[in-house]
Amino acid sequence: MITKLPQVLSPIQVASIIQLIEHGSFNSGKDTAGWHAKAVKHNLQWQGDTELNEQIQTGIQGALTQHPQFTGAAYAKAMMPFIISESTLGGGYGDHIDDALMVNESVLRTDISCTLFLTPPQDYEGGELVMNLSGMEMAFKLNAGDAIIYPSTTLHRVNPVTSGSRKVALTWIESHIPQASQREILFDLDCARKEIMEHHGKTSAFDRITKTHANLLRQWAMT
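Residues numbered from 1 in each chain as written. Predicted model: local features only at pLDDT ≥ 70, side-chain atom pairs only at ≥ 80, totals over all residues. Heavy atoms only, no water.

A. Examining the overall build of the protein more closely. Helix and strand counts for the protein come out as five helices and 16 strands. On C-alpha atoms alone, the protein measures out to a radius of gyration of 18 Å, which is about the 17 Å that the 2.2 N^0.38 rule sets for 223 residues. Considering only C-alpha atoms, the protein reaches an extent of 55 × 35 × 35 Å along its principal axes. Sequence separation of at least 24 residues holds for 75% of the intrachain contacts in the protein that already meet a minimum separation of 6. Taken as a whole, the protein presents about 11,700 Å² of accessible surface, with 54% of it coming from carbon and sulfur. Charged side chains of the protein number 17 positive and 23 negative; the gap between the two group centres comes to 8 Å. (Helix = DSSP H or I, 4+ residues; strand = E, 2+ residues; numbered from the N terminus. Rg over C-alpha atoms; globule rule 2.2 N^0.38 Å. Contact = heavy atoms within 4.5 Å. Areas by Shrake-Rupley, 256 points an atom, 1.4 Å probe, with all protein chains shown as cover. Lys, Arg positive; Asp, Glu negative; His and termini not counted. Charge placed at Lys NZ, Arg CZ, Asp CG, Glu CD.)

Structure follows, in structure tokens:
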């Protein structure tokens, strides 16, 4: 399930994050790439002092987890710290799959990948996030402040940037619901019951869907 999350950050919040980033520096993304990714990873990654990083993490994580669509789409159990990535002329990231396991304070299984766009699309050429889904490609280039979440099992790439600079914030999420197909069912049920409530109030149909949603969540959730 691929889900766009509009306006995770407001324009003011985006400007604040960009201002904080300016006090750090960007280093080669190859420094943190695995052996199989070094050949195709041509981006830069931000580094700053502890206080700056904490401000960035707090601002972005808080905005993402409070987004009205995030909870119902992700069922987040744990989240990696955000990485700020920049791609400039010729920079990008060739076809790759995200690591299945990542280490922060403990080992995290990557169920969901998240890209939060920090640069307006008109400020750079190229740089599309491209996903390969059963041989079909889908390209995404969202507005600054918008995010996209998708299964970490997805083969994807970032097309080379041909002009300008593309900045994004990246994280990976371990979900209480590991299976993407099950998350999609729960998401659809949640959207359906909210639509019923909005147009018809708390009806018997709303109660039945809510019961089904809760019982499937109880059956599928890994705590």
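B. Representation of the sheet that holds strand E6 (residues 93-96) within the structure. With antiparallel pairing, the four strands of this open sheet are ordered in space as E6-E14-E11-E12. Looking at which strands have only one partner, the edges of the open sheet turn out to be E6 and strand E12 (136-140). Across this sheet, the average inter-strand angle for adjacent strands is 15 degrees, counted without regard to direction. Relative to strand E14 (residues 155-158), strand E11 (residues 129-133) runs antiparallel, the two being bridged by four bridges. The partner of Asn 132 across the bridge, within E14, is Leu 155. (Pairing = 2+ DSSP bridges. Axes fitted to C-alpha atoms, helices over the stretch in contact; angles between N-to-C directions.)

C. Examining the side chain of Asp 146 more closely. Along the chain, Asp 146 turns up in the loop between E12 and strand E13 (147-151). Buried and unpaired, Asp 146 has Lys 4 as its nearest opposite-charge partner, separated by 8.1 Å. Those residues in contact with Asp 146, other than ones at most four positions away along the chain, are Leu 5, Pro 6, Gln 7, Thr 115, Leu 116 and Phe 117. (Buried < 20%, exposed > 50% of the residue type's maximum accessible area, 1.4 Å probe, protein only. Salt bridge = Lys/Arg side-chain N within 4 Å of Asp/Glu carboxyl O.)

D. Structural detail: the packing of aromatic side chains. Scanning the entire structure with this criterion turns up zero aromatic pairs. Note that Lys 141 overlies the ring of Tyr 124, its terminal NZ or CZ placed 4.4 Å from the centroid. (Phe/Tyr/Trp six-rings, centres within 6.5 Å; stacked < 30°, edge-to-face > 60°. Lys NZ or Arg CZ within 6 Å of the ring centre and 35° of its normal.)

E. Just the environment of Ala 73, in detail. Inspection of the secondary structure puts Ala 73 in helix H3 (residues 70-74). Given a relative accessible area of 1%, Ala 73 falls into the buried group. When sequence neighbours within four positions are dropped, the list of residues in contact with Ala 73 reads Met 1, Thr 3, Ile 112, Ile 149, Arg 183 and Phe 187.

F. Spotlight on the nonpolar core. If you look at the biggest cluster of nonpolar residues, it comprises 28 residues, and the most contacted ones within it are Ile 60, Leu 64 and Ile 84. Those elements that provide at least two residues to this core are helix H1 (11-21), helix H2 (50-65), H3, strand E9 (112-117), E13 and strand E16 (166-175). Considering each element in turn, this core owes the most residues, five residues, to H2. With residues near it in sequence (within four places) discarded, Leu 64 still touches Leu 5, Val 8, Phe 70, Met 79, Phe 82, Cys 114 and Thr 171. Residues Met 102, Phe 140, Ile 148 and Tyr 150 belong to the second largest nonpolar core, which totals 18 residues. (Core = buried A, V, L, I, M, F, W, Y, C linked by side-chain atoms within 4.5 Å.)

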